[in-house]
Amino acid sequence: GDSVTQMEGPVTLSEEAFLTINCTYTATGYPSLFWYVQYPGEGLQLLLKATKADDKGSNKGFEATYRKETTSFHLEKGSVQVSDSAVYFCALRGGTQGGSEKLVFGKGTKLTVNP
Amino acid sequence: EAQVTQNPRYLITVTGKKLTVTCSQNMNHEYMSWYRQDPGLGLRQIYYSMNVEVTDKGDVPEGYKVSRKEKRNFPLILESPSPNQTSLYFCASAGYFNAEAFFGQGTRLTVV
C-alpha cells in the first residue's frame, strides 16, 4: 500500500538557520502531496501542497517540490524563526491505482528553533 | 467559515464507561477520518469513511466504532474505554479525490 517516510526528529536549529526535512513516498498512480504543521496545543493545518510532478508548493517561506523521479517532497526554509517550532507531517492522497482517497501520513518531525 | 468541529475538547472518564466523541464538518466533504496521536508514534488512523454508510478500518481500529449516517457527522464511539485509549484524537475531512484534509482541534481523552 501507499506509505510516507520522513526523517525522524527531533530537529533543533538556531534562528536563521536553513531547514530541510526529508520526505519520500511509495505510491502507485499520481498522488497529491502535502505538508501539515502542528503548533503546540493545536490541531494540524495545511502548510503547503503539490498536486503533480515538478509542482512547487510554498507558504510562509517554506517550499517543497514534487519530485516523481526520486519520489520525494522535501520541506525547506531558508531562515527559520522561533515561531516555526512545531511538528511537521508529510502526507499523500490519491496514490493507489484506481483512485484511493485515503490520506496517508508520515510519523512527523518535531522542530525546535532556539533564539 | 469552513471548519471541522470536535466535541468535547477534553474528557476524563473511567474504564468501561461508554463514550462518544462527535465530529462535524460544514464543507460537504465525502471523506472523513479519525486519528489518534501518541508521543513517538505519530498519527495513527483509526477508521475512515469515503461517504455516507461507507466506513473502513484504519491501522488501529480495535476498541473503537464509528458510524456515518449523515454526510456531515462522523462520531467516534468507545464502547468500553480502557486506559490504553488515553490519547489525543483528531477528526479530519476532505473533499474530492486528492484534495487536502481539514482537521478538528482535537480531543484529549484520559481513561482512568
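First, a word on scope: everything that follows refers to the structure included in this document. Nothing here was measured: the structure is a model prediction, and the numbers come from that model.

1. Let's talk about the overall build of chain B
Within chain B one finds zero helices and 11 strands. In terms of overall size, chain B behaves like a compact globule, its C-alpha atoms giving a radius of gyration of 13 Å where 112 residues would be expected to give roughly 13 Å. Taking the principal axes of its C-alpha atoms as reference, chain B extends roughly 40 × 25 × 25 Å. Taken across its 112 residues, chain B has 52% of its residues classed as buried. Sequence-distant contacts, at least 24 apart, represent 52% of the contacts inside chain B between residues at least 6 apart. Within chain B, the 10 negative side-chain charges are centred at a point lying 7 Å from the centre of the 12 positive side-chain charges.

2. Re the state of the cysteines
This structure, assessed with the given rule, holds two disulfides over all chains. Put simply, C23(A) and C90(A) are joined by a disulfide, and their sulfur atoms are 2.0 Å apart. As the torsion about the S-S bond is roughly -70°, the C23(A)-C90(A) disulfide counts as left-handed. Of the two residues, C23(A) is situated in strand β4 (residues 23–26) and C90(A) in strand β10 (residues 86–93); the sequence distance between them amounts to 67 residues. Its relative accessible area of 1% is what places C90(A) among the buried residues. Each disulfide pairs two cysteine sulfurs, and for C23(B) the partner residue is C91(B), the sulfurs being separated by 1.8 Å. Of note, the bridge from C23(B) to C91(B) carries an S-S torsion of about -75° and is left-handed in sense. Taken together, the positions of C23(B) in strand β3 (residues 19–25) and C91(B) in strand β9 (residues 87–94) put the pair 68 residues apart, joining distant regions of the chain.

3. Examining the interface of chain B and chain A
The interface is formed by 24 residues belonging to chain B together with 20 residues belonging to chain A. Carbon and sulfur atoms supply 54% of the area that chain B and chain A bury against each other, a total of about 1,800 Å² over both sides. At the boundary of chain B with chain A, the tally comes to one salt bridge. The salt bridge partner of E100(B) is K49(A), with a shortest N-O separation of 2.8 Å.

4. Overview of the packing of aromatic side chains
Following the criterion strictly, the structure yields 11 aromatic pairs over all chains and no others. Centroid distance F105(A) to Y35(B): 5.5 Å. Interplanar angle 85°. Geometry classified as edge-to-face. Of this pair, F105(A) sits in strand β11 (residues 103–105) while Y35(B) sits in strand β4 (residues 31–38), placing the two residues on different chains. For Y35(B), a relative accessible area of 2% gives the class buried. An aromatic cluster is present here, built from F34(A), Y36(A), F89(A), F105(A), Y35(B) and F103(B) joined pairwise through their rings. The positively charged end of R93(A) is found above the aromatic ring belonging to Y31(B), 5.0 Å away from the centroid.

5. A look at the pairing of strand β11 (residues 107–111) of chain B
Residues and elements named next belong to chain B. Only one face of β11 is covered, namely the one carrying T107, L109 and V111; the face carrying R108 and T110 has none of its residues buried. The pairing of β9 with β11 spans three bridges and is antiparallel. Paired with S87 across the bridge in β11 is L109.

6. Focus on a nonpolar patch on the surface
Residue and element names in this part refer to chain B. Taken together, the side chains of I12, V14 and V112 make up a nonpolar region of the molecular surface, amounting to roughly 310 Å² of accessible area. With respect to the helices and strands, V112 occurs in the segment after β11. Taking relative accessible area as the criterion, V112 reaches 55% and is therefore assigned exposed.

7. Quick look at the sheet that holds strand β1 (residues 4–7) of chain B
All names here are of chain B. If you walk across this open sheet you meet the four strands as β1-β3-β8-β7, and the pairing is antiparallel. Among the strands making up the open sheet, the edge pair consists of β1 and β7 (65–66). Here β7 runs beside strand β8 (residues 76–78); their pairing, made up of two bridges, is antiparallel. Looking at β8, one finds that K65 is bridged to I77.

8. Some thoughts on unusual backbone geometry
Cis geometry marks the peptide bond from G9(A) to P10(A), where omega comes out at 0°. Its place among the elements puts P10(A) in the loop between β1 (3–6) and β2 (11–14). For the bond from N7(B) to P8(B), the omega torsion is 0°, close enough to zero to count as cis. Residue position: P8(B) is located in the loop between β1 and β2 (10–13). Phi is positive for D54(A), close to 75°, though the residue is something other than glycine. Overall, the relative accessible area of 55% leaves D54(A) in the exposed class. At T71(A), a position not held by glycine, the phi torsion is positive, near 45°. Judged by its relative accessible area of 30%, T71(A) is partly exposed.

What counts and what doesn't
- Residues numbered from 1 in each chain as written.
- Chains lettered and ligands numbered in written order.
- Predicted model: local features only at pLDDT ≥ 70, side-chain atom pairs only at ≥ 80, totals over all residues.
- Heavy atoms only, no water.
- Helix = DSSP H or I, 4+ residues; strand = E, 2+ residues; numbered from the N terminus.
- Rg over C-alpha atoms; globule rule 2.2 N^0.38 Å.
- Buried < 20%, exposed > 50% of the residue type's maximum accessible area, 1.4 Å probe, protein only.
- Contact = heavy atoms within 4.5 Å.
- Lys, Arg positive; Asp, Glu negative; His and termini not counted.
- Charge placed at Lys NZ, Arg CZ, Asp CG, Glu CD.
- Disulfide = S-S within 2.5 Å.
- Buried area = accessible area lost by both parts, 1.4 Å probe.
- Salt bridge = Lys/Arg side-chain N within 4 Å of Asp/Glu carboxyl O.
- Phe/Tyr/Trp six-rings, centres within 6.5 Å; stacked < 30°, edge-to-face > 60°.
- Lys NZ or Arg CZ within 6 Å of the ring centre and 35° of its normal.
- Pairing = 2+ DSSP bridges.
- Patch = residues over 30% accessible without salt bridge, like charges linked within 9 Å, V, L, I, M, F, W, Y side chains within 5 Å.
- Areas by Shrake-Rupley, 256 points an atom, 1.4 Å probe, with all protein chains shown as cover.

Any link to function would need more than the numbers given here.
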